[in-house]
Amino acid sequence: MKIAILGAAGRMGRKIFELAEGTELEVVSRVDIADGFDREWAPSVEGVIDFSFHTAVAPAVEKAAAQGLPYVIGTTGLTPDEQVRVDAAAKLIPIVQSGNYSLGVNLLLELVRKAATVLGPEYDIEITEMHHRHKKDAPSGTALMLAKAAAAGRGRPNDFVFGRHGDIGERPAGEIAVHALRGGSVVGDHTVMFAGDLERVEITHKAQDRAAFAAGALKALAWAKGRPAGIYTMRNVLGFD
Ligand SMILES: NC(=O)c1ccc[n+]([C@@H]2O[C@H](COP(=O)([O-])OP(=O)(O)OC[C@H]3O[C@@H](n4cnc5c(N)ncnc54)[C@H](O)[C@@H]3O)[C@@H](O)[C@H]2O)c1
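Residues numbered from 1 in each chain as written. Predicted model: local features only at pLDDT ≥ 70, side-chain atom pairs only at ≥ 80, totals over all residues.

> Would you explain the overall build of the protein in this entry?
Helices and strands together make up the secondary structure of the protein, namely seven helices and eleven strands. Relative to the 2.2 N^0.38 estimate, which gives 18 Å for 241 residues, the radius of gyration of the protein is 19 Å and therefore close to what a compact globule would have. Once local pairs closer than 6 in sequence are excluded, the contacts in the protein between residues at least 24 apart make up 70%. (Helix = DSSP H or I, 4+ residues; strand = E, 2+ residues; numbered from the N terminus. Rg over C-alpha atoms; globule rule 2.2 N^0.38 Å. Contact = placed C-beta atoms within 7 Å.)

What follows is the structure in structure tokens.
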């Protein structure tokens, strides 16, 4: 399968290129706004992996939809308007979209959902994430996915608190809070804490190498080829559903 990488000059784009070598996925276009990269993907491209910047995603997905190409979105931080355009394109092509393509985090999502159900409302849920200093959006797409998994386990709406500051008063029952740390070269750490009166449970994932995400994204594109149009997640790719 001949593929294009959007955001090919970036940390993830380079890793995907490295990992694709010698697999059934042949990278024929490395698209980026950086010097020395392709500006458009080649007519022979049969699928696209996108780890670029949120403003680039909707126009590229629409172009892929016009050409009938399967599309994998790794880029996070899309605005609601950009997401609406992605959802519309998914009526025409298969799109896999996930805030995290690693096997470990997708397992973590299952564990968090279960823990939130079993531990119940007496356990306060706090989520922390830490990433390298270059990361541009906050909180991470993964932290949002974890918050949604916790909310689903609790049977609560997706209504979260992002950080705290000032005269905040007592913690309301049922709150789910997300906190973003930035520094150094951290690839991606996430912890979901369930804090009760007598004990705390913490579920942690630490990504050590971007290859964990890159391998999942390549697998997702191979999986998406030939699927009916629609939005899929890594849960579908990994067969959790
Ligand atoms: N879903 C996941 O598993 C996962 C894992 C890691 C990173 N990410 C996300 O992937 C994205 C990229 O991460 P990164 O660390 O590689 O970032 P990066 O900044 O290293 O790379 C992004 C690249 O996109 C390019 N770019 C920007 N605008 C573009 C455009 N209009 N057209 C083409 N290329 C464009 C930039 O020049 C840059 O080379 C971020 O949104 C990040 O949060 C997702």
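> For this particular structure, what's the right way to read helix H1 (residues 11-20)?
Side chains that are three or four residues apart share a direction in an α-helix, a result of its 3.6 residues per turn. Within H1, the full set of buried residues consists of Met 12, Gly 13, Lys 15, Ile 16 and Ala 20. Projected onto a plane normal to the axis of H1, the buried residues spread over an arc of 165° and lie on a single side. Structurally, H1 contributes buried residues whose contacts are with strand E1 (2-6), strand E2 (26-31), strand E3 (47-50) and helix H6 (211-224). Where H1 terminates, the next one or two residues include Gly 22, which has phi positive at roughly 85°. (Buried ≥ 20, exposed ≤ 12 C-beta atoms within 10 Å, placed from the backbone. Arc of directions from axis to C-beta.)

> Where do I start with helix H4 (residues 103-119) in this structure?
Here H4 is 17 residues long and its end C-alpha atoms lie 24 Å apart, about the 24 Å a rise of 1.5 Å per residue gives. When H4 is considered as a whole, its buried residues turn out to be Val 105, Asn 106, Leu 108, Leu 109, Val 112 and Ala 116. One side of H4 holds all its buried residues, which, seen down the axis, span an arc of 150°. In this fold, the buried residues of H4 make contact with strand E6 (124-131), helix H5 (141-154), strand E9 (189-195), strand E10 (200-206) and helix H7 (234-238). Positioned one or two residues after H4, Gly 120 has a phi angle of 75°, which is positive. (Expected span 1.5 Å × (residues − 1).)

> What should I look at first to understand the pairing of E10 in this one?
One face of the sheet, then the other: side chains in a regular strand alternate in exactly this way. Across seven bridges, E9 lies against E10 in antiparallel orientation. Across the sheet, Phe 194 pairs through a bridge with Val 201, a residue of E10. The hairpin formed by E9 and E10 contains four residues between the paired strands. (Pairing = 2+ DSSP bridges.)

> How should the environment of His 205 be read in this particular structure?
Mapped onto the fold, His 205 is located in strand E10. His 205 gets classed as buried once you count the C-beta atoms within 10 Å, which come to 23. Spatially, the C-alpha atoms of His 205 and Ala 66 are 38 Å apart, while their sequence positions differ by 139 residues. Aside from chain neighbours lying at most four places away, what touches His 205 is Gly 104, Val 105, Leu 108 and His 190.

> What exactly am I supposed to notice about the sheet that holds E2 here?
What holds strands together in a sheet is hydrogen bonding between their backbones, with the strands either parallel or antiparallel. Read across the open sheet, the six strands follow the order E2-E1-E3-E4-E5-E11; overall the sheet is parallel. Of all strands in the sheet, those with a lone pairing partner are E2 and strand E11 (230-232), marking the two edges. For this sheet, the mean inter-axis angle between neighbouring strands, taken without regard to orientation, is 20°. Judged from the three bridges that link them, E3 and strand E4 (residues 71-73) form a sheet pairing that is parallel. Note on E4: the bridge partner recorded for Asp 50 is Ile 73. Docked against the sheet, helix H2 (residues 54-67) engages E1, E3, E4 and strand E5 (94-97), running at close to 175° with respect to E3. (Axes fitted to C-alpha atoms, helices over the stretch in contact; angles between N-to-C directions.)

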